[in-house]
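Coordinate inspection notes
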Amino acid sequence: MPGRPVVSGAVSAALAVAAAMTLGACDVQRAVDCARLALEVSQSVDELEQAAQGENPDVLVDAVDAVGNDIQELRDTVDDVDVQEATDSVEEAVDSVRAGVEDGTSIDLSPLGDAVDALTDVCA
């Protein structure tokens, strides 16, 4: 047809492959960011568990805050729906731990551990 550019099948295929590779690179980067941040959350939870064994509530508050900061960074970096849901679960568990620290009540870290495991699975 006059006036319309003609794109050959080979050029179309090359453009499709290039687009898929670009999209794939974004997916790979998202997975890397998610895994890195999930690892940071996991390490902060480990530190929180160690702090919970001690007698110093200030150290425990700092550890809870560190987990909260890691969760916020993950939320800001990765916008995948499954990751956001897993992040919400971790955040709820962190809030529960924080409330226990503030109230001086017994702290159950098992829901936090379960939520971090779920987050790690989603990011894997």
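In this convention, every chain numbers its residues from 1, walking through the sequence in written order. In view of the model being predicted, local features appear only for residues whose pLDDT reaches at least 70, and side-chain atom pairs are presented and counted only at 80 or more, with totals across whole chains, interfaces and linings using the full set of residues. To get the side-chain values, all heavy atoms of the structure are used, and hydrogens and water are removed first.

Details of the side chain of Ser 44
What counts, and what does not: Secondary structure elements are taken from DSSP: a helix is a run of H or I of four residues or more, a strand is a run of E of two residues or more, and numbering for both begins at the N terminus. Contact definition: two residues touch when any of their heavy atoms are within 4.5 Å.
When you line up the elements, Ser 44 lands in helix H1 (residues 9-53). When sequence neighbours within four positions are dropped, the list of residues in contact with Ser 44 reads Ala 66, Val 67 and Asp 70.

What about helix H3 (residues 81-103)?
Each α-helix turn comprises 3.6 residues. Residues three or four places apart therefore point the same way. Quick reminder of the rule: By this rule, a helix spans an expected 1.5 Å times one less than how many residues it contains. For every residue, the accessible area (1.4 Å probe, protein chains only) is compared with the maximum for its type, and the residue is labelled buried under 20%, exposed over 50%, or partly exposed between those bounds. For the purposes of these results, a polar contact is taken to be a pair of N or O atoms within 3.5 Å, where, inside protein, one atom must be able to donate a hydrogen and its partner to accept one; residues adjacent in sequence count only when each atom of the pair is a side-chain atom.
The terminal C-alpha atoms of H3 lie 33 Å apart, and with 23 residues this matches the ideal 33 Å at 1.5 Å per residue to within 8%. Among the residues of H3, Val 83, Gln 84, Ala 86, Thr 87, Val 90, Ala 93, Val 94, Val 97, Gly 100 and Val 101 are the ones counted as buried. By the N-cap criterion, in which a side-chain oxygen at the helix start approaches the backbone nitrogen of a residue two or three places on, H3 is capped by Asp 80, the distance to Asp 82 being 3.0 Å. Note on H3: the residue one or two positions beyond its end, Gly 104, has a positive phi of about 75 degrees.

A closer look at the side chain of Asp 70
Which entries qualify depends on this criterion: Positive: Lys, Arg. Negative: Asp, Glu. His and the chain ends are not part of the count. Each salt bridge in this description consists of a side-chain nitrogen of Lys or Arg and a carboxyl oxygen of Asp or Glu lying within 4 Å of one another.
The residue Asp 70 is located in helix H2 (residues 57-77) in this model. The side chain of Asp 70 is buried and forms no salt bridge, while Arg 36, the nearest opposite charge, is found at 7.9 Å. At 2.4 Å, the side chain of Asp 70 and the side chain of Ser 44 are in polar contact. Contacts of Asp 70, omitting those with residues within four sequence positions, involve Glu 40, Val 41 and Ser 44.

Details of the confidence of the model for the protein chain
Rules: The score called pLDDT rates the predictor's confidence residue by residue, from a low of 0 to a high of 100.
Put simply, the protein chain has an average pLDDT of 74, and 78% of its residues get 70 or more. H3 holds the highest mean pLDDT among the elements of the protein chain, 88, whereas H1 holds the lowest, 63.

Topic: helix H4 (residues 110-123)
Worth spelling out the cut-off: It is the directions from the helix axis to the C-beta atoms that the arc portrays.
Between the first and last C-alpha of H4 there are 20 Å, a value that for 14 residues agrees with the 20 Å anticipated at 1.5 Å per step. Of all the positions in H4, only Leu 112, Gly 113, Ala 115, Val 116, Leu 119 and Cys 123 are classed as buried. Along the long axis of H4, the arc covered by the buried residues comes to 165 degrees, so they all point the same way. Of the exposed residues in H4, those oriented more than 90 degrees away from the buried face are Asp 114 and Asp 121.

A look at the packing of H3 against H4
This is how it is decided: All axes are obtained by fitting lines to C-alpha atoms, using only the stretch in contact for helices, and the reported angles, taken between N-to-C directions, cover 0 to 180 degrees. For classification purposes, angles smaller than 35 degrees are called roughly parallel, those larger than 145 roughly antiparallel, those between 65 and 115 roughly perpendicular, and all remaining angles oblique. Whether a crossing is left-handed or right-handed is set by the direction in which the near helix is turned from the far one by less than a right angle, anticlockwise for left-handed and clockwise for right-handed.
Remark: H3 packs on H4, axes separated minimally by 9 Å, with the N-to-C direction vectors making an angle of 165 degrees. With respect to each other, H3 and H4 are oriented roughly antiparallel. In terms of crossing hand, the pair formed by H3 and H4 is left-handed. Residue-level inspection shows Asp 82, Val 83, Ala 86, Thr 87, Ser 89, Val 90, Ala 93, Val 94 and Val 97 of H3 in contact with H4, the latter providing Pro 111, Leu 112, Ala 115, Val 116, Ala 118, Leu 119, Val 122 and Cys 123.

Quick word on the packing of H2 against H3
Put simply, the rule is: Put simply, Ala, Val, Leu, Ile, Met, Phe, Trp, Tyr, Cys and Pro go in the nonpolar bin, Asp, Glu, Lys and Arg in the charged bin, and everything else, Gly too, in the polar bin.
Remark: H2 packs on H3, axes separated minimally by 10 Å, with the N-to-C direction vectors making an angle of 165 degrees. Considered as vectors, H2 and H3 are oriented roughly antiparallel to each other. The interaxial crossing formed by H2 with H3 has left-handed handedness. Across the interface between the two elements, Leu 60, Val 61, Val 64, Asp 65, Val 67, Gly 68, Ile 71, Gln 72, Leu 74 and Arg 75 from H2 touch Val 83, Gln 84, Thr 87, Asp 88, Val 90, Glu 91, Val 94, Val 97, Arg 98 and Val 101 from H3. A breakdown of the residues in the contact of H2 with H3 according to their chemical character gives 11 nonpolar, four polar and five charged.

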